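Here are the chains, one letter per residue:
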Amino acid sequence: MHTTERQDSAWSLPDGLAQAIRGTADEIATLVRSAGDTGLAVPGSLWTVGEAAAHLAMANELMADLAAGRERPYGDGTPESLARANAESLAVFTERRAEPLATMITEQAEAFLDALSHHAADGPAPATPLGLMDRSVLASYLLTHMLGHGYDLARALKRPHMVDRARVSLCMPFMLSVMPRVANPGATAGRTARYRIRLRGGETFGVSLADGAVRVTPLTPGTPFRRAHCTILLEPVAFLLIALGRLNPWRAIAQGQVLTWGPRPWLATRFPTLFTAP
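Residues numbered from 1 in each chain as written. Predicted model: local features only at pLDDT ≥ 70, side-chain atom pairs only at ≥ 80, totals over all residues. Heavy atoms only, no water.

Peer 1: Tell me about the overall build of the chain, and please be specific about residues and values.
Peer 2: Helix and strand counts for the chain come out as 9 helices and 7 strands. With respect to the three principal axes, the spread of C-alpha positions in the chain is 55 × 45 × 30 Å. By the burial criterion, 51% of the 278 residues in the chain qualify as buried. Summing over all exposed atoms, the chain offers an accessible surface of approximately 13,300 Å²; the carbon and sulfur share of this is 54%. (Helix = DSSP H or I, 4+ residues; strand = E, 2+ residues; numbered from the N terminus. Buried < 20%, exposed > 50% of the residue type's maximum accessible area, 1.4 Å probe, protein only. Areas by Shrake-Rupley, 256 points an atom, 1.4 Å probe, with all protein chains shown as cover.)

The structure is reproduced here in structure tokens:
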């Protein structure tokens, strides 16, 4: 019996997040088990299906350790350092068979949720590869990471992917918290701009650039935010896939998944370049 979506007086994850983590891990495991050849290439990646699955298995284990309060240094948050850490870990962990990896992906996702259920809400924030974050945001991080690689595996195996509007909404706490950290200094230096980002049927947030700094503000009714220079309306799934480097923004625009307006609508074309997917 699963009891991880904690209901005691201490705290609980946002509604649906534990189920989304568990369900996403199960769907990825099913994909991996369906692979007749784990040496199949992942489109747009240097990895094979087996390597992507091995990375997910190890990443879920790392996240479970972080949720339990164990220190696990893994790069310094830059794309280059994370790529090195990924390569080093894959060189050491050589399992590429479908069944053991599928089992590890689900078991470590469950270990993560179990660790959360036994940890005080006010405990020290885990030091993740992308900085300190509380355990609720860490859970959103885990879901986001699994969805990105789950999407890759689905493409490689020519199966439907599991990224949907509800899961994107559960990824937003992590996405909003990490955007300033993954801002591209070369693209933001010397720029001043205010964006209003709206996900169709979902969240709205502001992104302000000034003096090289990036500030992200969740926008709810009554939240003060100066008039945006550019408003971008996106389909939620397109937003996440663009943010994770899985979808070309121009393709999304051509497919009608992105609309822009405002005094400086051309700023929309610059927005994806302001950030580097980790």
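Peer 1: With reference to specific residues and values, describe the pattern of salt bridges.
Peer 2: When the charged atoms of two side chains with opposite charge come close together, those side chains can pair. Evaluated as defined, the whole model comprises 10 salt bridges. The partner of Asp65 in a salt bridge is Arg70, and the shortest N-O contact between them spans 2.9 Å. Since its relative accessible area comes to 15%, Asp65 is described here as buried. Judged by relative accessible area, which is 48%, Arg70 ranks as partly exposed. For the salt bridge of Arg246 with Asp152, the shortest nitrogen-to-oxygen distance reads 2.6 Å. In this pair, Arg246 is assigned in the loop between α8 (236-243) and α9 (249-254) and Asp152 in helix α5 (residues 135-156), connecting sequence segments 94 residues apart. Judged by its relative accessible area of 22%, Arg246 is partly exposed. (Salt bridge = Lys/Arg side-chain N within 4 Å of Asp/Glu carboxyl O.)

Peer 1: If you had to explain the pairing of strand β6 (residues 230-234) to someone new, which residues and values would you point to?
Peer 2: Most of β6 sits out of view: 5 of its 5 residues are buried. Here β6 shows no split at all, with Cys230, Ile232 and Leu234 on one side and Thr231 and Leu233 on the other all buried. The sheet contact formed by strand β3 (residues 193-199) and β6 spans 5 bridges and is parallel. In the strand pairing of β6, Ile197 is matched with Ile232. (Pairing = 2+ DSSP bridges.)

Peer 1: So what about the environment of Asp152? Which residues, and what values?
Peer 2: Asp152 gets classed as buried once you look at its relative accessible area, which sits at 10%. A C-alpha to C-alpha distance of 6.4 Å links Asp152 and Val42, two positions 110 residues apart in sequence. Those residues in contact with Asp152 that sit more than four places away from it in its chain are Val42, Pro43 and Arg246. Polar contacts involving the side chain of Asp152 include one to the side chain of Arg246, which spans 2.6 Å. (Contact = heavy atoms within 4.5 Å. Polar contact = N/O pair within 3.5 Å; in protein donor to acceptor, adjacent residues only side chain to side chain.)

Peer 1: I'd like a description of the packing of aromatic side chains, backed by residues and values.
Peer 2: Under the defined criterion, the tally for this structure stands at 4 aromatic pairs. Between Phe205 and Phe239, the aromatic rings sit 5.9 Å apart at their centres with planes inclined by 65°, giving edge-to-face as the arrangement. With Phe205 in strand β4 (residues 204-210) and Phe239 in helix α8, this pair connects stretches of sequence that are 34 residues apart. Ring-pair connections join several aromatic residues into one group, and the members of that group are Tyr195, Phe271 and Phe275. (Phe/Tyr/Trp six-rings, centres within 6.5 Å; stacked < 30°, edge-to-face > 60°.)

Peer 1: Tell me what's going on with the side chain of Arg135, and back it up with residues and numbers.
Peer 2: By secondary structure assignment, the location of Arg135 is in helix α5. For the buried Arg135, no salt bridge exists, and the shortest N-O distance to an oppositely charged side chain is 8.0 Å, to Asp134. For Arg135, the side chain forms a polar contact with the main-chain oxygen of Pro124, separated by 2.9 Å. (Lys, Arg positive; Asp, Glu negative; His and termini not counted.)

Peer 1: Talk me through the packing of helix α1 (residues 17-34) against α5; I want residue IDs and the actual numbers.
Peer 2: Contact pair α1 / α5: the axes reach a minimum separation of 10 Å and the direction vectors enclose 25°. Relative to α5, the element α1 is oriented roughly parallel. Remark: the crossing between α1 and α5 carries left-handed chirality. Side by side, α1 and α5 meet where Leu17, Ala20, Ile21, Thr24, Ala25, Ile28, Leu31 and Val32 of the first sit next to Ser136, Ala139, Ser140, Leu142, Leu143, Met146, Leu147, Gly150, Leu153 and Ala154 of the second. (Axes fitted to C-alpha atoms, helices over the stretch in contact; angles between N-to-C directions. Parallel < 35°, antiparallel > 145°, perpendicular 65-115°, else oblique. Left-handed = near helix turned anticlockwise from the far one by under 90°.)

Peer 1: Lay out the confidence of the model for the chain in plain terms, naming residues and giving numbers.
Peer 2: Here the chain shows a mean pLDDT of 92. Residues at 70 or above account for 95%. Per-element averaging of pLDDT across the chain places strand β2 (residues 131-132) at the bottom with 91 and α1 at the top with 98. Below a pLDDT of 50 lies the segment residues 1-10, which in the model reaches 21 contacts outside its immediate sequence neighbourhood of four places, other chains included. (pLDDT = per-residue confidence, 0-100.)

Peer 1: If you had to explain helix α6 (residues 165-178) to someone new, which residues and values would you point to?
Peer 2: In this model, α6 (14 residues) spans 20 Å end to end at C-alpha, consistent with the 20 Å of a helix rising 1.5 Å per residue. A bend of about 45° at Cys171 is the largest found in α6, and the proline Pro173 appears one to four places after it. In this structure, the buried residues of α6 make contact with α1, α5, β3, β4, β5 (213-218) and α8. (Expected span 1.5 Å × (residues − 1). Bend = angle between axes of the 7 residues up to and from the residue.)

Peer 1: Which residues make up the environment of Gly256, and what values do they have?
Peer 2: Relative to the helices and strands, Gly256 is located in the loop between α9 and β7 (258-261). Linking Gly256 and Leu234, residues 22 residues apart in sequence, is a C-alpha distance of 8.9 Å.

Peer 1: Describe the sheet that holds β6, with residues and values.
Peer 2: Taken in spatial order, the 5 strands make up an open sheet running β5-β4-β3-β6-β7, and their pairing is mixed. In this open sheet, the two strands that pair with only one neighbour each are β5 and β7. For this sheet the average axis-to-axis angle between neighbouring strands, irrespective of direction, equals 20°. Note: β4 against β5, 6 bridges, orientation antiparallel. In the sheet register, Val207 faces β5, and the bridge partner there is Val216. Contacts from α8 reach β3, β4, β6 and β7 within the one sheet, and its direction differs from that of β6 by about 105°.

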